[in-house]
Amino acid sequence: MNMRLNASAKELLTDRLETALRATPHISAVPQSAHIGALIGGVDLGQALTPAEVHSIRSALLRWKVVFFRDQHLSHEQHVAFARQFGDLTIGHPVFGHVDGHPELYSIAKHRRANSHGSEPERRPWTGWHADVTAAHNPPAASILRGVTIPPYGGDTQWTNLAAAYDALSEPLKAFLQGLRGEHRFSPPTGASPTPEYLELIKNNTLVSEHPLVTVHPETGEQVLYISPGFLKSISGLRTRESRVLLELLWEHAVASEFTVRFKWETGSIAFWDNRSTAHVAPQDIFALEYDRQLYRSTLVGEVPVGADGRASIAIQGDPVLAAHGAAY
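An account of the accompanying structure is given in this report. (Residues numbered from 1 in each chain as written. Predicted model: local features only at pLDDT ≥ 70, side-chain atom pairs only at ≥ 80, totals over all residues. Heavy atoms only, no water.)

Mapped onto the elements of the fold, Ser277 is located in the loop between strand 13 (270-274) and strand 14 (278-281). Among residues more than four places away in sequence, those in contact with Ser277 are Lys65, Thr160, Asn161, Leu162, Ala163, His217 and Val224. (Helix = DSSP H or I, 4+ residues; strand = E, 2+ residues; numbered from the N terminus. Contact = heavy atoms within 4.5 Å.)

Right, here's the structure in full:
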């Protein structure tokens, strides 16, 4: 397959980033793989950023889809203040709650309620991969994850570039996918048995939406293979076997190693990713380790996705994910 990104979009995003970095020469953005990931240096996220610094970080985010920072030992308050410079913050999590006293933050703990399944799920190459909260009508635009308690080894997170994955498909398959839509909802991984608590949370906070399989990124104009494996359950209008076989083909393609980056966490590390053009997978090896692992996530309010065919997503059940302070989307 041709693994090249759309040249014009890539060149425009690269030019924007280079221009932004020239205006902030103290900031560096070092690529971490061919298609995704950049390590940002030279900036203190515990302090208010200048408009030029915000622009440089946003430009790096749009070009590389996920950006990483080291040695940023932020408090909850500093985390929220940093995130607010890039948009309105959602409630921590629309289904699984938030940190007490900090409605904008969600606790990513080793044994959090979202992982409360009574049996081992069926393991496939795409198991666990997802974009955040795509069951919502307006999934978060971006997520910011901060490492606090990190095991000495293990616990890495991976991201994949869904714009690069789409670009690498054959032209006939791209054209076919542009007219398709899929249903996204919360449910346990295939083969796993959810606990009663998990089922009750899903029942009380049901989110179901129909999104295009190919979306247009609202800032970059890139076409994105919008196929969050953890949430996308079926392709609308296809027979059951047609849907399953096509989704498995696309999921396996999207998480191929050439589109991904792997990040080794340290205390004080931060990952900031574009939720509209990436999927990621939480580490499973932490459950074989005796060490604790604690991170905290904030998410930015997102737009309703629009497909390559010009049609917007449809809300089937549940409310949009609004800002924590109640602003409309």
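Unlike most non-glycine residues, Lys65 shows phi in positive territory, near 75°. Relative to the assigned elements, Lys65 resides in the loop between helix 2 (51-64) and strand 3 (66-69).

This next bit is on the sheet that holds strand 15 (residues 294-300). The sheet built from seven strands is open, its strands ordered 1-2-3-13-5-15-4 with mixed pairing. Of all strands in the sheet, those bounded by a partner on one side alone are strand 1 (28-31) and strand 4 (106-109). Shown here is a sheet whose adjacent strand axes are inclined to one another by a mean of 25°, direction ignored. Relative to strand 13, strand 3 is paired through four bridges, and the arrangement is antiparallel. Within strand 13, the residue paired with Val67 across the bridge is Phe272. Across the sheet, helix 3 (residues 76-84) is in contact with strand 5 (142-149), strand 13 and strand 15; its angle to strand 15 comes to roughly 30°. (Pairing = 2+ DSSP bridges. Axes fitted to C-alpha atoms, helices over the stretch in contact; angles between N-to-C directions.)

Across all of its chains, the model carries 15 salt bridges by this definition. Here Arg276 and Glu303 are joined by a salt bridge, their closest N and O atoms 3.5 Å apart. Here Arg276 is found in the loop between strand 13 and strand 14, whereas its partner Glu303 is found in the loop between strand 15 and strand 16 (314-317), with 27 residues between them in sequence. When salt bridges with common partners are traced through the structure, they connect Arg58, Glu219, Asp274, Arg276 and Glu303 into a single cluster. (Salt bridge = Lys/Arg side-chain N within 4 Å of Asp/Glu carboxyl O.)

One finds Ile40, Leu45, Leu49, Val67, Phe69, Phe86 and Phe272 to be the most contacted residues of the largest nonpolar core, which totals 30 residues. The set of elements that each furnish at least two residues to this core consists of helix 1 (7-23), strand 2 (38-41), helix 2, strand 3, helix 3, strand 5, strand 13 and strand 15. If we ignore the near neighbours within four places in the chain, the residues touching Val67 are Ala38, Ile40, Ala60, Leu61, Ile270, Ala271 and Phe272. In this structure, Ala164, Trp251, Val255 and Ala279 belong to the second largest nonpolar core, which totals 29 residues. (Core = buried A, V, L, I, M, F, W, Y, C linked by side-chain atoms within 4.5 Å. Buried < 20%, exposed > 50% of the residue type's maximum accessible area, 1.4 Å probe, protein only.)

Of the two faces of strand 3, the one carrying Val66 and Phe68 and the one carrying Val67 and Phe69 are both buried. Of the strand pairs in this sheet, strand 2 and strand 3 are connected by two bridges, and their pairing is parallel. In the strand pairing of strand 3, Ala38 is matched with Val67. Taken together, strand 2, helix 2 and strand 3 form a β-α-β motif whose crossover is right-handed. (Right-handed = clockwise from strand over helix to strand, strands pointing away.)

The next subject is the packing of aromatic side chains. The full count for this structure, using the stated rule, is 12 aromatic pairs. Note on Phe69 and Phe82: the rings are 6.2 Å apart at their centroids and 80° apart in plane angle, and the pair reads as edge-to-face. Here Phe69, found in strand 3, pairs with Phe82, found in helix 3; they are 13 residues apart in sequence, far enough to count as distant. Assigned by exposure class, Phe69 and Phe82 land together as buried. Arranged with centres 6.0 Å apart and planes meeting at 85°, the rings of Phe96 and Phe186 form a pair that is edge-to-face. (Phe/Tyr/Trp six-rings, centres within 6.5 Å; stacked < 30°, edge-to-face > 60°.)

The subject of this paragraph is the environment of His253. The residue His253 is located in helix 7 (residues 240-254) in this model. Placed 57 residues apart in sequence, His253 and Pro196 show a C-alpha to C-alpha distance of 34 Å. Reaching out from His253, the side chain makes a polar contact with the backbone oxygen of Ala165 at a distance of 2.7 Å. (Polar contact = N/O pair within 3.5 Å; in protein donor to acceptor, adjacent residues only side chain to side chain.)

Our next topic: the environment of Leu199. Looking at where Leu199 falls in the secondary structure, it is placed in helix 6 (residues 196-204). Leu199 sits 12 residues away from Ser187 along the chain, and the two C-alpha atoms are 8.5 Å apart.

A few words now on helix 7. Here helix 7 is 15 residues long and its end C-alpha atoms lie 21 Å apart, about the 21 Å a rise of 1.5 Å per residue gives. Packed against the buried residues of helix 7 are strand 6 (157-161), helix 4 (162-167), helix 5 (171-177), strand 10 (223-225) and strand 11 (232-235). (Expected span 1.5 Å × (residues − 1).)

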